[in-house]
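# Chain and residue survey
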Amino acid sequence: MQLKFLDTLRKNKMRYISLVAGFFLFVAPFALFSRLVYFAIGNVADPTLHTICLRMPIDWMFSGRYYSLIGSVSAAFVIGVILLSFFLGPVFCGWLCPVGAVSEGLSRVIPLPSKFRLKIKDPKVTRGLRYGFLAGFIAVSVFAGFKIFGDQISSVCCRYCASATLQNLVDAAFGNATALEYWHTGGIMVLIGWLIIGGVLMFGGRGWCLFFCPLGAMSNLAHKAGSKLGMYRTEYDKTKCTDCNSCKEMCPMWAINDDKSIETTLCINCKECVNRCPKGAYSMRWGRKKDAGVAQQN
Amino acid sequence: MNKTVLIAFAAMFVITLSLGAYAAVFGKSEMVHFWVAFPAGNVTEPITLRGAGPPVSMAPIVIDLDSRGALKNALNPNIEALSTHWIYNLGKKPVRVQLELANTTFPVEWSVSANLPYDEEAHTFTERLYPGQSIKNLGIDWYFRIPAYYMDEQIVYQGGLKVIDADTKQVLTFIPIIIGHGQEIVGGVADCCS
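Rules and cut-offs
Starting afresh in each chain, residues are numbered from 1 along the sequence in its written order. Naming scheme: in the order in which they are written, chains are lettered from A and ligands are numbered from 1. Side-chain atom pairs in this predicted model are given and counted only at pLDDT of 80 or more, local residue features only at pLDDT of at least 70, and totals for whole chains, interfaces and linings cover all residues. Here the side-chain values reflect all heavy atoms present in the structure, with hydrogen atoms and water set aside. Per-residue confidence from the prediction method is given by pLDDT, with values spanning 0 to 100. Numbering of helices and strands runs from the N terminus; a helix is a DSSP stretch of H or I covering at least four residues, while a strand is a stretch of E covering at least two. Any helix carries an expected span of 1.5 Å times its number of residues minus one. The contact rule is simple, with two residues in contact once any of their heavy atoms fall within 4.5 Å. By salt bridge we mean one thing: a side-chain nitrogen of Lys or Arg within 4 Å of a carboxyl oxygen of Asp or Glu. Relative accessibility decides the category of a residue: with a 1.4 Å probe and only protein chains considered, values under 20% of the type maximum give buried, values over 50% give exposed, and everything between is partly exposed.

Below, the discussion takes up the confidence of the model for chain B. Looking at chain B as a whole, the pLDDT averages 93, with 94% of positions reaching at least 70. Quick note on the complex model: pTM equals 0.92, ipTM equals 0.93.

In structure tokens:
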């Protein structure tokens, strides 16, 4: 088990280095990316992970708060991530996002046997759940923003925010104890859902990303469209496959179908399958032309 | 699309709507967010002020500790918070904004971040906020550390937020705040994601 862990670490070291870099780029007290942006635009506020809020701009888009989008760093960031996903796949999710990195990292370092971890075997069901959340998120934004049910429904951004929970945990680690003293009901639910259920108890540790991240879901829609047009993607060559299933055991996003093809509405181009497959059945590709034997993307 | 996928989609859709409904319930008494504008005088009832930018609705803030979520009450009852992201100058002159919480009888911690220089000691924004403008990238959280012996009181805190012109010391807006048990919530609660 130890050897397997070290082998995975070695083969995917660039991604793990990138995920660590993502932490320093976006999470305060470092937030190097956000500091640079704030410096460039002359903003004297202290940047935190909230500076690149991964949810509110999506809420604003559907709730009629268009004025909030204007001049917003987080709105520019979210739109940038979605556009990038069209061309390169959801690389922010797979290579930089500190929220996903922490839960995935936790999943990898806690030696809970796979049989005790939750996983939905059919990626189509996972996809149904994921996009059910996205549809619900948009519906809530519309209902809350346009007061369709008065004040009976409230946005699901800030009240259930894994980024806020992560930032609070880090703030506390760097000496601001208050950040961990105050918990609201949604914060407690997120801590349990993101780190314990989604992180430790779910296979791959990306339960939150799969089921409760609207930006992740939208990024994957962009990726699906992009990959159909030949943008950067993971592809499967069935002629090289020996059905060892090691790809399925490794994919943190449960994105490998029964026929081993890649489910692009879930795949984050993390390259774990590419680096894992002993026969090289998975590869990263540009362009629309497919070789004989390469399975059609779903 | 097969039936299982549709059921999964529908189930998650309903769960998400339920989360929105639940957020609306506990959001009225946990980490309550509210809008601030000045000059508004003593805000004794719900009012809406209009000026540059969106309309600003304010009301006395009433937090009913009994209406909080079960997890909050069970695991973290003794610390409550208020928050604002919105302070608007709807007056006619530039103001150096000073904030003050009135009548605090137990520790309240301030956490302030804004794109406007701020003096932590004096709770004052050291540059003027011009008419028609709001403080950009504002995040103010007030953490009320309620001593255990206060928790059974009907009224735990009765005071309010003063918005003061730091140069003249004139109170421009006063928003009453009550934290207690069985209190009737009158409004003034904003969606934190606005």
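Okay, helix α1 (residues 3-26) of chain B next. Between its first and last C-alpha, α1(B) extends 34 Å over 24 residues, near the 34 Å set by a 1.5 Å rise per residue. On its buried side, α1(B) packs onto α9 (123-145), α12 (185-201) and α13 (207-212) of chain A.

Applying the stated criterion across every chain yields a total of 22 salt bridges over all chains. A salt bridge links D7(A) to K11(A), with the shortest nitrogen-to-oxygen separation between them at 3.2 Å. Remark: K11(A) and D7(A) occur in helix α1 (residues 2-11); sequence separation between them is four residues, near one turn of the helix. The partly exposed category is assigned to K11(A), whose relative accessible area is 33%. Residue E80(B) is joined to R68(B) by a salt bridge in which the shortest nitrogen-to-oxygen separation is 2.9 Å. With E80(B) in strand β6 (residues 79-89) and R68(B) in the loop between β5 (61-64) and α2 (70-75), this residue pair connects regions lying twelve residues apart in the sequence. On the basis of relative accessibility, which here comes to 0%, the residue E80(B) falls in the buried class. Residue R68(B) is classed as buried on the basis of its relative accessible area, which comes to 5%.

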